[in-house]
Amino acid sequence: MNLALWLHQTARARPARPAIQTGEVLHATYEDFAAQSCAIGRHLAQHYNIQKGDRVALFTRNCAEYLEILYGVLWIGAAIVPINYKLHPREAVWIIENARASIVITESGDVFGGDMSLPCPERGLTAFASLPRDTYQPPASVELDDIAWLFYTSGTTGRPKGVMITHRNIHAMAGSYTLDVDSVCPDDVSLYAAPMSHGAGLYNFQFVRAGARHLIPPSQGFDPAEIAALGRQFGNLVFFAAPTMIKRLVEYAKADGYDGSGIRTVIYGGGPMYLADINEALRVLGPKFVQIYGQGESPMTITALPRDLVADHQHPDAEARRVSVGFAQTCVTLRVVDDAMNDMPSGKTGEIILRGDSVMAGYWDNAEATRKTLQDGWLKTGDMGRLDADGFLTLTDRSKDVIISGGSNIYPREVEEVLLTHPDVFEVSVVGATDAEWGEIVVAFIVFEQGRSCDTAQLDDWCRSQIASFKKPKRYEILEALPKNSYGKVLKTDLRKRL
């Protein structure tokens, strides 16, 4: 069943309800939303020959048109390729090429410039602004296992992998949300302060089905003062935020005297939430918080810690539960195993694996990575954790060297490869360091070529020219040599100890 049918049904049942809004400005009712999505799908099919199963890349900031384009693509049975707008255009081009996208939609229609050849046309948002809506047809029929959302998540190889998320996967996610995370009501206001290319955007589906309002902040991003103002104005705000965003919101609230009025639910995930930070958030803003743990490979759907358990102070294990990531969501079976896939005893650390209807179909055009990650139907997450006797999962480490900074995944090898192309750099190793504001920051240990050196500003400029700015190191450490074992492998554990 096509996910776009949820919008079609809501538009038929609740046509006049406000659907998409930017700040105070109403962009579309549900009737408008569905009609525009249908028109976009028809335009893509007629003018760009987009067929069922084709991929359409979307590379923009959060905006009201985002949802219309998303549903327009789904309307005709094609798949959306959402690209993080913070990425460098060269990084975006790689994703567009790998996905073999038929078209890429950007804000202006002129993002990539003449020095970057695209394998497909680029069109701006204005190309879809005044489409005729005289012919309205229900969404195309698709199979549950057809791809709906091709999400690119970076890997330890330094190149992103396309996660094939199907209509079935998102059905499972939306159903588990209402059972395990939070209720969904027509009066809710789903706020998009985090990037819609990621989990915040995936969370649109259950709110469309309920006929709730979708609110784009005028800043198109996360601004604590703006969120407080929108909360006071609209009420019933529900939004996803990384732990670092919550920390910023709490700091603003303490300085401004804001008590969280108008915010109904904040779902947090995407990085470690420290006990002191969630305790302070509860004290300042009240019991508004729900935690989820997921991956691109099982989007938003591994575990959940419901609102009452986040706020609980009575249970003997209340604090231990609050620093856990909760228990398995309804749509998955979860295990913690050793290297031979044997279950670990309660309290013992192993790799987290899971299976269920939310688990991806595989990696796009990457059979080898799919075989390594999906074994006998089980998704090997690469994350390490332990289960207690009550089924609460605590993350202990990541077997992949991913750095999670401000809720964004940063993979060391990708940064290392960029720095190694600098003419003055001989060797480099990148690790994450704990940081109170960002969760983690990127630290690069640099060994210069003999007789050469450069300052950190030059290294920053070098990184900015090739990768997204948020991935560049926030700190550099200059060494005479990197610590290595007898096989020549860099000992990152030694580097972390230096920090």
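The rules behind these values
Residues numbered from 1 in each chain as written. Predicted model: local features only at pLDDT ≥ 70, side-chain atom pairs only at ≥ 80, totals over all residues. Heavy atoms only, no water. Helix = DSSP H or I, 4+ residues; strand = E, 2+ residues; numbered from the N terminus. Pairing = 2+ DSSP bridges. Contact = heavy atoms within 4.5 Å. Axes fitted to C-alpha atoms, helices over the stretch in contact; angles between N-to-C directions. Buried < 20%, exposed > 50% of the residue type's maximum accessible area, 1.4 Å probe, protein only. Core = buried A, V, L, I, M, F, W, Y, C linked by side-chain atoms within 4.5 Å. Right-handed = clockwise from strand over helix to strand, strands pointing away. Disulfide = S-S within 2.5 Å. Parallel < 35°, antiparallel > 145°, perpendicular 65-115°, else oblique. Left-handed = near helix turned anticlockwise from the far one by under 90°. Salt bridge = Lys/Arg side-chain N within 4 Å of Asp/Glu carboxyl O.

> I would appreciate a short explanation of the environment of Asp 401 in the present structure.
Among the secondary structure elements, Asp 401 is positioned in the loop between strand 20 (393-398) and strand 21 (403-405). C-alpha of Asp 401 to C-alpha of Ala 172: the two residues are 229 residues apart in sequence and 29 Å apart in space.

> Before we go on, may I ask you to explain the sheet that holds strand 10 (residues 213-216) in this structure?
Hydrogen bonds along the backbone pair up the strands of a sheet, which may run parallel or antiparallel. The 9 strands are arranged 2-1-10-9-11-12-13-14-15 in an open sheet whose pairing can be described as mixed. Because the sheet does not close on itself, it has two edges, and the strands there are strand 2 (25-29) and strand 15 (327-328). Contacts between helix 8 (residues 224-234) and the sheet are confined to strand 1 (18-22), strand 9 (189-191), strand 10, strand 11 (237-241) and strand 12 (263-268), with strand 11 contributing the most and set at about 155 degrees to the helix.

> Looking at this structure, how should I read the environment of Arg 17?
On the secondary structure map, Arg 17 appears in the loop between helix 1 (4-13) and strand 1. Judged by its relative accessible area of 25%, Arg 17 falls in the partly exposed class. Taking the C-alpha atoms as reference points, Arg 17 and Ser 465, separated by 448 residues in sequence, lie 45 Å from one another.

> I tried to follow the pairing of strand 2 on my own but got confused; where do I start?
Two faces belong to every sheet, and in a regular strand the side chains alternate between them. Note: strand 1 against strand 2, 4 bridges, orientation antiparallel. Within strand 2, the residue paired with Gln 21 across the bridge is Leu 26. Hairpin connection of strand 1 to strand 2: 2 residues between the antiparallel strands, including Gly 23 at a positive phi of 55 degrees.

> In this structure, what is going on with the sheet that holds strand 23 (residues 425-435)? I would like to understand it.
Spatial ordering of the open sheet is given by 23-24-25, a layout of 3 strands whose pairing is mixed. In this open sheet, the two edge strands, each paired with only one partner strand, are strand 23 and strand 25 (475-478). For this sheet the average axis-to-axis angle between neighbouring strands, irrespective of direction, equals 25 degrees. Pairing of strand 23 with strand 24 (residues 439-448), which is carried by 10 bridges, proceeds in the antiparallel orientation. Note on strand 24: the bridge partner recorded for Asp 435 is Gly 439.

> Whenever I open this one, the nonpolar core confuses me. Can you help?
The tendency in soluble globular proteins is for nonpolar side chains to be buried side by side. Grouped together as the largest cluster of nonpolar side chains are 113 residues, with contacts concentrated most on Phe 33, Phe 205, Phe 239 and Phe 289. When residues in this core are grouped by element, the largest group, 9 residues, is from helix 3 (residues 64-75). Leaving out residues up to four positions away in the same chain, Phe 33 has contacts with Leu 7, Ala 19, Ile 20, Ala 28, Leu 67, Glu 68, Tyr 71 and Val 208.

> Help me understand the pairing of strand 12 in this model?
The element strand 12 is extensively covered by neighbouring structure, given that 6 of its 6 residues are classed as buried. Tracing the backbone out of strand 11, into helix 9 (residues 243-256) and back to the parallel element strand 12 gives a crossover that is right-handed. Inspection of the sheet shows strand 12 paired to strand 13 (residues 289-295) by 3 bridges, in the parallel sense. When the sheet's bridge partners are listed, Ile 267 is paired in strand 13 with Val 290.

> Could you clarify how one ought to interpret the state of the cysteines in this entry?
A disulfide bridge is the covalent bond that connects two cysteines by way of their sulfur atoms. As enumerated under the stated definition, the model contains 0 disulfides in all. Unpaired in this structure, Cys 63 has its nearest cysteine sulfur neighbour in Cys 120, at a distance of 18 Å. Residue Cys 63 is classed as buried on the basis of its relative accessible area of 7%.

> What exactly am I supposed to notice about helix 4 (residues 89-99) here?
Because an α-helix completes one turn every 3.6 residues, residues spaced three or four positions apart along the sequence face the same direction. Every buried residue belonging to helix 4 is among Glu 91, Ala 92, Val 93, Ile 95, Ile 96 and Ala 99, and all of these are buried. Just past helix 4, the residue Arg 100 takes up positive phi, approximately 50 degrees.

> Explain the packing of helix 2 (residues 30-48) against helix 3 here, please?
The description of two helices packed together rests on the angle between their axes and the distance between the axes. Contact pair helix 2 / helix 3: the axes reach a minimum separation of 7 Å and the direction vectors enclose 55 degrees. Here helix 2 is positioned oblique relative to helix 3, judged by the angle of their axes. Our pair here, helix 2 against helix 3, has a crossing hand that is right-handed. Facing Phe 33, Ala 34, Gln 36, Ser 37, Cys 38, Ile 40, Gly 41 and Leu 44 of helix 2, the residues of helix 3 in contact are Leu 67, Glu 68, Ile 69, Tyr 71, Gly 72, Val 73 and Trp 75.

> Please clarify how the pattern of salt bridges should be interpreted in this entry.
When the charged atoms of two side chains with opposite charge come close together, those side chains can pair. Applying the stated criterion to the full structure yields 24 salt bridges. Glu 477 serves as the salt-bridge partner of Arg 475, at 2.8 Å between the closest nitrogen and oxygen. Through salt bridges with shared partners, a single network forms among Asp 182, Asp 188, Arg 264 and Arg 307.

> Quick question: what am I supposed to make of unusual backbone geometry here?
A negative phi angle is the norm for most residues apart from glycine, just as the trans form is the norm for most peptide bonds. Phi at Met 300 is positive, roughly 60 degrees, even though this residue is not glycine. Take Met 300: it is sitting in strand 14 (residues 298-305). On the basis of relative accessible area, Met 300 is assigned to the buried category, the value being 10%. Of note, the phi angle at Met 341 is positive, near 70 degrees, even though the residue is not glycine.

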